[in-house]
Amino acid sequence: MERLLVLARHGQSEWNLKKLFTGWRDPELTELGVAEARRAGRWLKAQGTQFDVAFTSNLRRAQNTCALILEEMGQGGLETIRNEALNERDYGDLSGLNKDDARERWGDAQVHEWRRSYDVPPPGGESLKDTAARVLPYYIQTILPRVMSGERVLVAAHGNSLRALVMVLDGMTTKTIASLEIATGIPLVYRLKADTTVESKLILDKDIDQDD
């Protein structure tokens with residue numbers, strides 16, 4: 001039985017380009033972001049991948065990425081489930097601020113702690129621990145059962161909601177997760193064992209040769 005789980009961070013958004021804290025704000029993809037999403041779909045199609053269901057967040061950048069991936073794979077009509085449990089972490093008072101401006105206001109060390117620590121939230125926002133507290137139950141209760149039943153599952157979401165998942169899948173600690181970056185538009189292809197742990201992991205841009 002194939003237990004396929006593919007995670008994909010959305011393509012570059014307008015606020016990624018402007019170096020703004022985004023969180024639950026809802027900017028669109030840039031032209032590059034659209035291209036990254038389409039490229040991810042082509043890469044997955046080239047691997048012979050097909051999906052039975054897709055999950056995404058309530059935010060447009062992830063929804064559009066999901067739709068573009070599936071369109072490139074010829075699966076544009078696939079069942080796609082949206083849920084705010086997969087939303088990016090809420091950056092609270094930092095949302096909409098330029099990252100350089102935030103560093104000038106609060107200092108490099110404080111902004112770095114807010115961005116990369118596991119359990120220190122920015123003012124009015126969520127830590128990665130808080131994000132994991134909504135992502136992981138949704139994964140365990142809703143996504144994982146479909147993977148374990150043999151369905152091939154795509155999850156198109158965000159840097160921090162996916163970091164929360166990867167932390168569990170890859171067995172990372174609260175310290176090692178701090179250095180993990182998930183690139184935009186790069187699929188992470190997992191195959192799971194019967195006990196729900198990881199049998200194999202493939203990062204398409206690093207682990208296979210690409211033409212573009």
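Residues numbered from 1 in each chain as written. Predicted model: local features only at pLDDT ≥ 70, side-chain atom pairs only at ≥ 80, totals over all residues. Heavy atoms only, no water.

**Describing helix 7 (residues 159-169)**
Side chains that are three or four residues apart share a direction in an α-helix, a result of its 3.6 residues per turn.
(1) Moving on: Among the 11 residues that make up helix 7, 10 are buried, leaving the element largely enclosed by the rest of the structure.
(2) Moving on: Along helix 7, the residues that are buried comprise Gly-159, Asn-160, Ser-161, Leu-162, Arg-163, Ala-164, Leu-165, Val-166, Met-167 and Leu-169.
(3) Moving on: In this structure, the buried side of helix 7 is in contact with strand 1 (4-9), helix 5 (108-116), helix 6 (128-148), strand 4 (153-157), strand 5 (188-192) and strand 6 (198-203).
(4) Moving on: Phi for Gly-171, located one or two positions after helix 7, is positive at around 65°. (Buried < 20%, exposed > 50% of the residue type's maximum accessible area, 1.4 Å probe, protein only. Helix = DSSP H or I, 4+ residues; strand = E, 2+ residues; numbered from the N terminus. Contact = heavy atoms within 4.5 Å.)

**Focus on the packing of helix 4 (residues 99-106) against helix 5**
Axes are the key here: two packed helices are described by the angle between their axes and the distance separating the axes.
(1) Moving on: Two elements in contact, helix 4 and helix 5, have axes whose closest approach is 7 Å; the angle formed by their N-to-C orientations is 125°. With respect to their mutual orientation, helix 4 and helix 5 come out oblique. Where helix 4 abuts helix 5, its residues Lys-99, Ala-102, Arg-103 and Trp-106 lie against Asp-108, Gln-110, Val-111, Trp-114 and Arg-115. (Axes fitted to C-alpha atoms, helices over the stretch in contact; angles between N-to-C directions. Parallel < 35°, antiparallel > 145°, perpendicular 65-115°, else oblique.)

**Overview of the nonpolar core**
(1) Moving on: The biggest cluster of nonpolar side chains holds 31 residues, and the ones touching the most others in it are Leu-5, Leu-7, Ile-143 and Val-155.
(2) Moving on: Those elements giving two or more residues to this core turn out to be strand 1, strand 2 (53-56), helix 6, strand 4, helix 7 and strand 5.
(3) Moving on: Ranked by residue count, the leading element in this core is helix 6, at 9 residues.
(4) Moving on: Excluding anything up to four places from it in sequence, Val-155 contacts Leu-5, Val-6, Leu-7, Ala-8, Phe-55, Leu-86, Ile-143 and Leu-162.
(5) Moving on: Counting residues in hydrophobic clusters, the runner-up holds 18 residues, among them Trp-43, Ile-69, Met-73 and Leu-204. (Core = buried A, V, L, I, M, F, W, Y, C linked by side-chain atoms within 4.5 Å.)

**Thoughts on the confidence of the model for the chain**
Interpreting fine coordinate detail is not advised for predicted regions of low pLDDT.
(1) Moving on: Looking at the chain, the pLDDT average stands at 95 and 97% of residues meet or exceed 70.
(2) Moving on: Scored below 50 in pLDDT, residues 208-212 shows 8 contacts in the model against residues more than four places distant or in partner chains. (pLDDT = per-residue confidence, 0-100.)

**Points about the UniProt feature "site: Transition state stabilizer" (unreviewed entry) in the chain**
(1) Moving on: Here the UniProt feature "site: Transition state stabilizer" (unreviewed entry) sits at His-158.
(2) Moving on: With respect to the helices, strands and loops of the structure, His-158 is situated in the loop between strand 4 and helix 7.
(3) Moving on: Ignoring anything within four residues of it in the chain, the contact list for His-158 reads Arg-9, His-10, Ser-57, Leu-59, Arg-61, Ala-62, Leu-86, Asn-87 and Glu-88. (UniProt positions renumbered as here; feature names shortened; annotations may be inferred.)

**Structural notes on the pattern of salt bridges**
(1) Moving on: All told, the structure shown has 12 salt bridges when counted by the stated rule.
(2) Moving on: Via salt bridges that share partners, Asp-26, Glu-28 and Arg-60 belong to a single interconnected network. (Salt bridge = Lys/Arg side-chain N within 4 Å of Asp/Glu carboxyl O.)

**Some remarks on the environment of Glu-181**
(1) Moving on: Along the chain, Glu-181 falls in the loop between helix 7 and strand 5.
(2) Moving on: We classify Glu-181 as exposed; its relative accessible area is 55%.
(3) Moving on: Sequence separation between Glu-181 and Arg-116 is 65 residues; the distance between their C-alpha atoms is 10.0 Å.
(4) Moving on: At 2.6 Å, the side chain of Glu-181 and the side chain of Arg-116 are in polar contact. (Polar contact = N/O pair within 3.5 Å; in protein donor to acceptor, adjacent residues only side chain to side chain.)

**Section: the pairing of strand 2**
(1) Moving on: Covered by surrounding structure in strand 2 are Val-53 and Phe-55 together with Ala-54 and Thr-56, the residues of both alternating faces.
(2) Moving on: As paired elements, strand 2 and strand 4 share 4 bridges and run parallel to each other. Bridged to Val-53 within strand 4 is Val-153.
(3) Moving on: Sheet topology note: the strand 2/strand 3 (residues 80-82) ladder contains 3 bridges and is parallel. Pairing of Ala-54 across the sheet is with Thr-80, part of strand 3. (Pairing = 2+ DSSP bridges.)

**Side note on the sheet that holds strand 3**
(1) Moving on: If you trace the 6 strands from one edge of the open sheet to the other, you get 3-2-4-1-5-6, paired in mixed fashion. This sheet does not close on itself; its edge strands, each paired only once, are strand 3 and strand 6. Strand after strand, the sheet turns through a mean of 20° between neighbouring axes, direction not considered.
(2) Moving on: Where strand 1 and strand 5 come together, 4 bridges link them in antiparallel fashion. Bridging from a neighbouring strand, Leu-5 pairs with Tyr-190 of strand 5.
(3) Moving on: Its contacts with the sheet put helix 7 on strand 1, strand 4, strand 5 and strand 6, and the angle it makes with strand 1 is roughly 145°.

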